[in-house]
Amino acid sequence: MGAPALIFYVEDDEHIRDLTSYALRQAGFEVRAFPDGEGFVEACRAEQPQAVLLDIMLPGTDGIQLLRQLRADAATENIPAMMLTAKGTEYDAVCGLDAGADDYLAKPFGMMELISRVNALLRRAARPAAGGSGEGAIGGSEGGSASGVASGHASGSSGKSDPDTTTASDDRITFGPIVLKPAAHRVKAGGVKVPLTVKEFALLQVLMENAGRVMTRDQLLADVWDVHYAGETRTVDAHVKTLRRKLAEACPGAEDAIVTVRGVGYLFQDGEEDAL
């Protein structure tokens, strides 16, 4: 067996911090706990954990701001993150997702549920391809919500299929220079590996599976984040912006496949549609 997964955990309540850390260690994780954000981001740069658990309500810098700092730094932007909040309202969940969280869990929570969610987060973030090595930067989808969405659109909206530009199979989805492997949770653009977070991968997968079809922001929020929210949120737009940037860095022009449909949502061009 390999080394245990390293989890960084920030919680100001000493009793909760000690209890949760003990439960995680009993489940086989290595845990480094912090009472506040002091030194947390720097510690993530020095020794990158497999995942971070962040309480929202912290003294000084709160969990949302800590997560934003992680996502703003190229060295830490892909670390899987779960937000823990005592509030438990949908608004707080959306705020965490807006900041780039991959999952959230409301207090009070059971230790078995927490461990199950952490295991699921790690599986999505570091599932290796057969014969390959796991890379934590490449993420997967939530509990099947992404992989189960209208996969019939993966080969385009018409019967035509150019094997060099538009293909779909059980192990990969290809549109132009972008190749996504769902089982391996890997993405390449122009032959260059694209490091995506858990949710960025799931978002791209949903868009590619529905190529040629406009996906509303509400649909994407529900399919990728499993959140049904009627208020204002920048979660989808922020993730699309980052996804486009990473595709462009790997293969200039690849980002143009994701088209903004004003007032509606986003469209992944299947090669047979004009840009809107």
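Below or above, wherever it landed, is the structure these notes cover. (Residues numbered from 1 in each chain as written. Predicted model: local features only at pLDDT ≥ 70, side-chain atom pairs only at ≥ 80, totals over all residues. Heavy atoms only, no water.)

### Considerations on the overall build of the chain
As a reminder of what qualifies: Each helix is a run of H or I in the DSSP string that is no shorter than four residues. Each strand is a run of E no shorter than two, and both are numbered from the N terminus. Partly exposed residues are those whose accessible area sits between 20% and 50% of the maximum for their type, while under 20% is buried and over 50% is exposed, using a 1.4 Å probe and protein chains only. In what follows, a contact means two residues having at least one pair of non-hydrogen atoms within 4.5 Å. Per-residue and other accessible areas were derived by the Shrake-Rupley procedure at a 1.4 Å probe size, with only the shown protein chains allowed to occlude residues.
Scanning the chain from terminus to terminus reveals eight helices and 13 strands. For the chain, the residues scored as buried account for 49% of the 276 residues in total. Partitioning the contacts of the chain with sequence separation of at least 6, the portion at a separation of at least 24 is 60%. Here the chain displays about 12,500 Å² of accessible surface, and carbon together with sulfur accounts for 50% of that area.

### Notes on the nonpolar core
A general feature of soluble globular proteins is that nonpolar side chains tend to end up buried together. Worth spelling out the cut-off: To define a nonpolar core, start from buried Ala, Val, Leu, Ile, Met, Phe, Trp, Tyr and Cys residues and group those joined through side-chain atoms within 4.5 Å.
One finds Ile178, Leu204 and Phe268 to be the most contacted residues of the largest nonpolar core, which totals 35 residues. The set of elements that each furnish at least two residues to this core consists of helix H4 (90-98), strand E7 (173-175), strand E8 (178-181), strand E9 (186-189), helix H6 (198-209), helix H7 (217-225), helix H8 (235-250) and strand E13 (265-268). Sorting elements by how many residues they give to this core places H6 first, with seven residues. Discounting chain neighbours no more than four positions away, the residues touching isoleucine 178 are Ile173, Val187, Lys188, Ala189, Leu204, Met208, Leu247, Ala254, Ala257 and Phe268.

### A few points about H8
Formally: Multiplying one less than the number of residues by 1.5 Å gives the expected span of a helix. By arc we mean the arc of the directions from the helix axis to the C-beta atoms, nothing more.
The terminal C-alpha atoms of H8 lie 23 Å apart, and with 16 residues this matches the ideal 22 Å at 1.5 Å per residue to within 8%. Among the residues making up H8, those that are buried are Thr235, Val236, His239, Val240, Leu243, Lys246, Leu247 and Ala250. Summarising the axial view, the buried residues of H8 lie within an arc of 130°, below the 170-degree limit, and thus occupy one face. With respect to the buried face of H8, the exposed residues turned more than 90 degrees away are Lys241 and Glu249.

### Structural notes on the sheet that holds strand E4 (residues 81-85)
Test applied: By this definition, two strands are paired if DSSP reports at least two bridges between them. Helix axes are fitted to C-alpha atoms over the stretch in contact, other axes to C-alpha atoms as well, and angles between N-to-C directions run from 0 to 180 degrees.
Taken in spatial order, the five strands make up an open sheet running E2-E1-E3-E4-E5, and their pairing is parallel. Both outer strands of the open sheet, strand E2 (30-34) and strand E5 (103-106), are each paired with one neighbouring strand and no more. The mean angle between the axes of side-by-side strands here comes to 20°, regardless of whether they run parallel or antiparallel. Relative to strand E3 (residues 51-55), strand E1 (residues 6-10) is paired through four bridges, and the arrangement is parallel. Following the sheet pairing, phenylalanine 8 is matched in E3 by valine 52.

### Section: the pairing of strand E12 (residues 258-261)
The side chains of a regular strand alternate between both faces of the sheet. As judged from the four bridges shared by E12 and E13, these two strands associate in the antiparallel manner. What sits directly across from isoleucine 258, in E13, is phenylalanine 268. Remark: three residues form the turn of the hairpin made by E12 and E13, two consecutive strands paired antiparallel; glycine 263 in that turn has positive phi of roughly 80°.

### Focus: the packing of aromatic side chains
What counts here: When two rings of Phe, Tyr or Trp (its six-membered ring) have centres within 6.5 Å they constitute a pair, described as stacked for plane angles under 30 degrees, edge-to-face for angles over 60, and tilted for the intermediate range.
Inspection of every chain in the model, using the stated rule, returns four aromatic pairs. Each ring, one from phenylalanine 34 and one from phenylalanine 40, has its centre 5.5 Å from the other, and the planes form 85°; the classification is edge-to-face. A residue is classified by how much of its surface remains accessible, and phenylalanine 34, at 7% relative accessible area, is buried. Take phenylalanine 40: its relative accessible area is 0%, and that puts it in the buried class. Feature note: the residues Phe8, Phe34 and Phe40 constitute an aromatic cluster, connected by ring pairs.

Just geometry here; none of it tells us what the structure is for.
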